[in-house]
Amino acid sequence: MSVTGPSDGPSFRKRRSWKSRLLELSLWVAVAIATAVVLVMLSEQILPANF
Amino acid sequence: MRVLRTLGKFLISVGFGVLLFVAWTLWGTGLSTDRAQAALELDFGRQDPIDARELSREGVQSIKVDDSFQPGPGEAVFRMVIPGIEVREMVVEGVDVESLRKGPGHYPDCRRGFEKPLCTDEEEIWPGEVGRVIISGHRTTYGAPFYDIDRLRRGDEIRLETKWGDFTYEVTGSEIVPPNSTDIATPVSDKPELVLTTCNPRFSAAERLIVSAELSDASL
């Protein structure tokens, strides 16, 4: 008699749709752009006047 | 596991954002300076000639620019040409943040609305006059007009083309001073001199690089 747990069987991962992947990519691009914009806005405080 | 993966993606995105910021600072800022320089060239071309009278005081030949010449912050005042390091820039009035975004700035006096410490209590000096013409410029951002200023050597030419004449200065030396050093920011001198100041080393504001020059030729 053999006992097999759920981890021994084949795993099935649901493939994500291209729309979902595109949406996620857009989110991370937005995060990158937002980071750059915030840094540019803060740059007058960060950078010395004659850098 | 999923949280870690999301955090990793977030940090990578922030990293790309920092890279975008660095690229903007080093190169993107130059785009707005290029546009400002083009506009300043046009403005300068439209300006009327300005009167200047020749002086000879204690054996020193110089000029005195008409007192009616009172440019405001960020206005084009003269053109600076340094053939040795391929610099050709319109110089603006003032060394405040906004003015220096347009190009190198001429150190003004405080009597016309400029605020300390970015101005001097002494009378400001114009090219050709006895005293020290002081010009500050960016080293690595906003077009980096003074990027190669450390390559200037004794005898190199710096030409200032104004609405009252053309003046050629010859480099006499350079020095590195602390960033808070104010000695060099005084326009008082007994001969016609020029001082260029910028940050040192490149990409840092830890020190100031000062290049000094003396008037060698003038044509009104």
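Residues numbered from 1 in each chain as written. Chains lettered and ligands numbered in written order. Predicted model: local features only at pLDDT ≥ 70, side-chain atom pairs only at ≥ 80, totals over all residues.

1. Examining the overall build of chain A
- Across its full length, chain A holds one helix and zero strands.
- Within chain A, the fraction of its 51 residues that count as buried is 8%. (Helix = DSSP H or I, 4+ residues; strand = E, 2+ residues; numbered from the N terminus. Buried ≥ 20, exposed ≤ 12 C-beta atoms within 10 Å, placed from the backbone.)

2. Details of helix α1 (residues 2-46) of chain B
Residue and element names in this part refer to chain B.
- Between the first and last C-alpha of α1 there are 64 Å, a value that for 45 residues agrees with the 66 Å anticipated at 1.5 Å per step.
- At Thr25, α1 shows its strongest bend, of approximately 45 degrees.
- Taken together, the buried positions of α1 are occupied by Gly17, Phe21, Thr25, Thr29, Thr33, Ala36, Gln37 and Leu40. (Expected span 1.5 Å × (residues − 1). Bend = angle between axes of the 7 residues up to and from the residue.)

3. Observations regarding the interface of chain A and chain B
- Contacts between the two partners involve 15 residues from chain A and, on the opposite side, 21 residues from chain B.
- Along the lines of polarity and charge, the residues of the side of chain A that touches chain B split into 11 nonpolar, three polar and one charged. (Contact = placed C-beta atoms within 7 Å. Nonpolar A, V, L, I, M, F, W, Y, C, P; charged D, E, K, R; others polar.)

4. Re the confidence of the model for chain B
- With 97% of its residues at a pLDDT of 70 or more, chain B shows a mean pLDDT of 91.
- If you check the scores for this complex, the pTM reads 0.84 and the ipTM reads 0.70. (pLDDT = per-residue confidence, 0-100.)

5. Digging into the sheet that holds strand β7 (residues 157-161) of chain B
Residue and element names in this part refer to chain B.
- Spatially, eight strands are ordered β3-β4-β5-β6-β9-β10-β8-β7 in a closed barrel, and the strand pairing comes out mixed.
- Pairing between β7 and strand β8 (residues 166-177): five bridges, direction antiparallel. When the sheet's bridge partners are listed, Leu160 is paired in β8 with Phe167.
- α1 contacts β3 (76-82) and β4 (87-93) of the sheet and is inclined by roughly 75 degrees relative to β4. (Pairing = 2+ DSSP bridges. Axes fitted to C-alpha atoms, helices over the stretch in contact; angles between N-to-C directions.)

6. Points about the pairing of β8(B)
Residue and element names in this part refer to chain B.
- Between β7 and β8, which pair antiparallel in sequence order, lie four residues; one of them, Gly165, sits at a positive phi of approximately 150 degrees.
- Both β8 and strand β10 (residues 207-219) contribute to a ladder of 11 bridges, which runs antiparallel. What sits directly across from Val177, in β10, is Arg208.

7. As for the environment of B:Lys9
- Counting through the fold element by element, B:Lys9 comes out in helix α1.
- Placed 55 residues apart in sequence, B:Lys9 and B:Lys64 show a C-alpha to C-alpha distance of 64 Å.

8. Focus on the nonpolar core
- Core analysis: the largest hydrophobic core is formed by 44 residues, its most contacted members being B:Met80, B:Val91, B:Ile158, B:Leu194, B:Leu196 and B:Val211.
- Each residue touching B:Leu194, except ones within four places of it in the same chain, is listed here: B:Val133, B:Ile158, B:Tyr169 and B:Ala213. (Core = buried A, V, L, I, M, F, W, Y, C linked by C-beta atoms within 7 Å.)

9. Focus on the environment of B:Asp96
Residue and element names in this part refer to chain B.
- By the element assignment, Asp96 lies in the loop between β4 and α2 (97-102).
- Taking the C-alpha atoms as reference points, Asp96 and Pro192, separated by 96 residues in sequence, lie 24 Å from one another.
- Among all residues touching Asp96, those that are not within four sequence positions of it are Pro73 and Leu118.

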